[in-house]
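Understanding the architecture of this molecule
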Amino acid sequence: MIRINCPYCGERDHNEFSYGGDATINYPSLDASEKEWTEAIFFRKNIKGFQFETWHHSNGCRMWLVVERSTVTHEIKSVKPCHPDLQKVVKNNK
Amino acid sequence: MTKFNAWNVIKNGLNGQSYWTRQWRDPEPKSSYDVVIIGGGLHGLATAYYLAKNHNIKNVAVLEKGWIGGGNAGRNTTIVRSNYMMPGNHEFYEHSLKLWENLSHELNYNVMFSQRAHVSLFHSPGAKDSVSRIYNIMRLHGTDAELWDLKTLKKKIPHLNYHNSRFPILGAAVQKRAGNARHDAVAWGYARAADTLGVDILQNCEVTGFTRKNGNIESIQTSRGIIKGKKIGFAVAGNTSVLWQMAELGNLPIESHKLQAFVSEAVKPLLDQVVVYGVGGAHFYISQSDKGSMVFGGDLDWYKSYAQRGNLPMVQDVAEAAMAIFPSLGRIRLLRHWAGVMDMTMDGSFFICKTPISNLYLNAGWNYGGFKASPASGWYFADLIANESPHNYVQNHNLERFEKGINIDERGAGPDPKLHG
């Protein structure tokens, strides 16, 4: 089991989360070329080693997270919210 | 290499089995080859075999970083079928099944191919309609396909759970010519047959880099020295992206995911077919090996990984699916489970194509389905390398299909590799 330290909820088993994908994709502008869009949608670095990836805490707070994880050892280096501003809102509401 | 036949079996039986020769040589790498195939799995070995057999290109090396049969060749559930509907795919997999039917004779090696029928259960009228469409398409293309109603199914497989009220079994889509084979024997059979035709199989030979000259790859740096190749083929499944970036070619429409498989202790004959159960979030397939073990598997682990080991949530998932459909397995003990690294593509279909480097050819993207594809994969990859243009069946199985908008998406799941199970 991978343990993911959710910044909102604390450390939880990974089966509370769903895997999103590569967190480093920058989608091009709407009028960008077909080639740029093809690259962004279909082509991946598929890193062997540490990568930034998104996870959704779907059976928890339902927030999206950016996780830095090794695709070889599954070790996690860091977990951050995808949208830090949302974290402030959540804190202020507590 | 001693041929396997009745005469040699009797002769060696009388001589204390002392005259058998080794199955394939262990040669030192030559400095250059006409074709170098990187990856000594089923696809790489089959490619080398058909290059020598069909195209008379015999100065071929297969580079394997580990040992023959140690990668995904030994990490699968050995199912062979051809129930595909997309143009290109159904012709390709049907040809593969035809090659399977004669493979033991072709290789002079018993691959224990058993056409025991592939039985895919359906549980709702919608699922029946959907699978009927696919199986009708198969029939129109000359592949065998049929539907079993509940009565037939109960007679053939009486011990499924027919009392599941959430997912009642309504019948099954069946391909009778499908079945399974002995995975190790396929790897060894292709290795032995390719070696006999003059192919060098170089084990413990890991690729560490490429030297480029005039746009081409001139030579390959390996853990056993520098090897030159006039033409080079990649057939490394889950590690394709790593080699692709080693050749400085950028990104690929591939993500590496791991898929687990399981094998139980041996039991008396229990199941004569390959059974597939797929509903909602569950996916489960099972058959019984000739030794008696139940061999089964389920979904990917749902997150990208190069690790050849599985995680526990999927073990639980698969066990639950097993109990839902096969309650009689409840007390059976698991002997072992393993995970293979799958090259999941953006549309669930494979690549047999040319690359931006003119002497480099790509064979990759086999998703869940690499085992059954291996004979045809070798056949058409060898054809591409020898003739330098793709056969009609694989003309759209290239890297340009995404930009052109002609994805070959059997499942209609969209550009998310983990969904193409």
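Definitions and cut-offs
- Residues numbered from 1 in each chain as written.
- Chains lettered and ligands numbered in written order.
- Predicted model: local features only at pLDDT ≥ 70, side-chain atom pairs only at ≥ 80, totals over all residues.
- Heavy atoms only, no water.
- Helix = DSSP H or I, 4+ residues; strand = E, 2+ residues; numbered from the N terminus.
- Buried < 20%, exposed > 50% of the residue type's maximum accessible area, 1.4 Å probe, protein only.
- Contact = heavy atoms within 4.5 Å.
- Areas by Shrake-Rupley, 256 points an atom, 1.4 Å probe, with all protein chains shown as cover.
- Lys, Arg positive; Asp, Glu negative; His and termini not counted.
- Charge placed at Lys NZ, Arg CZ, Asp CG, Glu CD.
- Pairing = 2+ DSSP bridges.
- Axes fitted to C-alpha atoms, helices over the stretch in contact; angles between N-to-C directions.
- Phe/Tyr/Trp six-rings, centres within 6.5 Å; stacked < 30°, edge-to-face > 60°.
- Lys NZ or Arg CZ within 6 Å of the ring centre and 35° of its normal.
- Core = buried A, V, L, I, M, F, W, Y, C linked by side-chain atoms within 4.5 Å.
- pLDDT = per-residue confidence, 0-100.

1. What about the overall build of chain A?
Helix and strand counts for chain A stand at two helices and six strands. Of the regular secondary structure in chain A, the N- to C-terminal order runs β-β-β-α-β-β-β-α. Projected onto the principal axes, the alpha-carbon positions of chain A cover approximately 45 × 35 × 20 Å. Looking at the 94 residues of chain A, the share that counts as buried comes to 39%. Taking all contacts inside chain A whose residues are at least 6 apart in sequence as the whole, residues at least 24 apart take part in 46%. As displayed, chain A has an accessible area near 5500 Å², and 51% of this comes from carbon and sulfur atoms. Averaging the locations of the 13 positively and 12 negatively charged side chains of chain A gives two centres separated by 6 Å.

2. Quick look at the sheet that holds strand E16 (residues 334–345) of chain B
Paired through backbone hydrogen bonds, the strands of a sheet run either parallel or antiparallel to each other. Residue and element names in this part refer to chain B. Strand order in this open sheet of eight strands is E5-E6-E4-E13-E14-E15-E12-E16, and the pairing throughout is mixed. A strand with exactly one partner marks an edge of an open sheet, and here the two such strands are strand E5 (146–149) and E16. With direction set aside, neighbouring strand axes in the sheet form an average angle of 25°. Two elements, strand E4 (residues 118–122) and strand E6 (residues 171–175), share five bridges in a ladder whose sense is antiparallel. When the sheet's bridge partners are listed, Phe122 is paired in E6 with Gly171. Strands in contact with helix H9 (residues 312–325) are E4, strand E12 (254–266), strand E13 (274–279), strand E14 (282–288), strand E15 (293–304) and E16; relative to E15, the strand with the most contacts, it is inclined by about 135°.

3. Observations regarding the packing of aromatic side chains
Going through the model one piece at a time under the given rule, you end up with 25 aromatic pairs over all chains. Ring geometry for Tyr49 of chain B versus Tyr50 of chain B: centroids 5.0 Å apart, planes at 70°, classification edge-to-face. Comparing Tyr49 of chain B with Tyr50 of chain B shows no difference in burial state: the two are buried. Each member of the aromatic cluster is reached from another via a ring pair, and the members are Tyr84, Phe92, Tyr93, Phe350, Trp366, Tyr380 and Tyr393 of chain B. Here the basic side chain of Lys77 of chain A rests over the ring of Phe50 of chain A, its NZ or CZ set 4.2 Å away from the ring centre.

4. Thoughts on the nonpolar core
Residues and elements named next belong to chain B. Core analysis: the biggest nonpolar cluster contains 52 residues, and Ile37, Phe92, Trp100, Tyr190 and Ile352 have the highest contact counts within it. Those elements that place two or more of their residues in this core are strand E1 (32–38), helix H2 (42–55), strand E2 (60–63), helix H3 (89–101), helix H4 (103–107), helix H7 (183–196) and helix H10 (370–387). If near-sequence neighbours (up to four positions away) are discounted, Trp100 is found in contact with Val80, Val111, Phe113, Ala181, Val186, Phe371, Lys372, Ser374 and Pro375.

5. Considering the confidence of the model for chain B
Should the pLDDT be low somewhere, the predicted coordinates at that spot are not to be read in detail. With 100% of its residues at a pLDDT of 70 or more, chain B has an overall mean of 95. For this predicted complex, the interface score ipTM comes out at 0.93, alongside a pTM of 0.96.

6. A closer look at the environment of Leu153 of chain B
All names here are of chain B. Residue placement: Leu153 occurs in helix H6 (residues 150–156). Classification of Leu153 as buried rests on a relative accessible area of 0%. Taking the C-alpha atoms as reference, Leu153 lies 9.1 Å from Leu170; in sequence the two are 17 residues apart. In this structure, Leu153 is in contact with Val119, Leu121, Trp148, Leu160, Tyr162, Ile169, Gly171 and Ala172, ignoring residues within four places of it in sequence.

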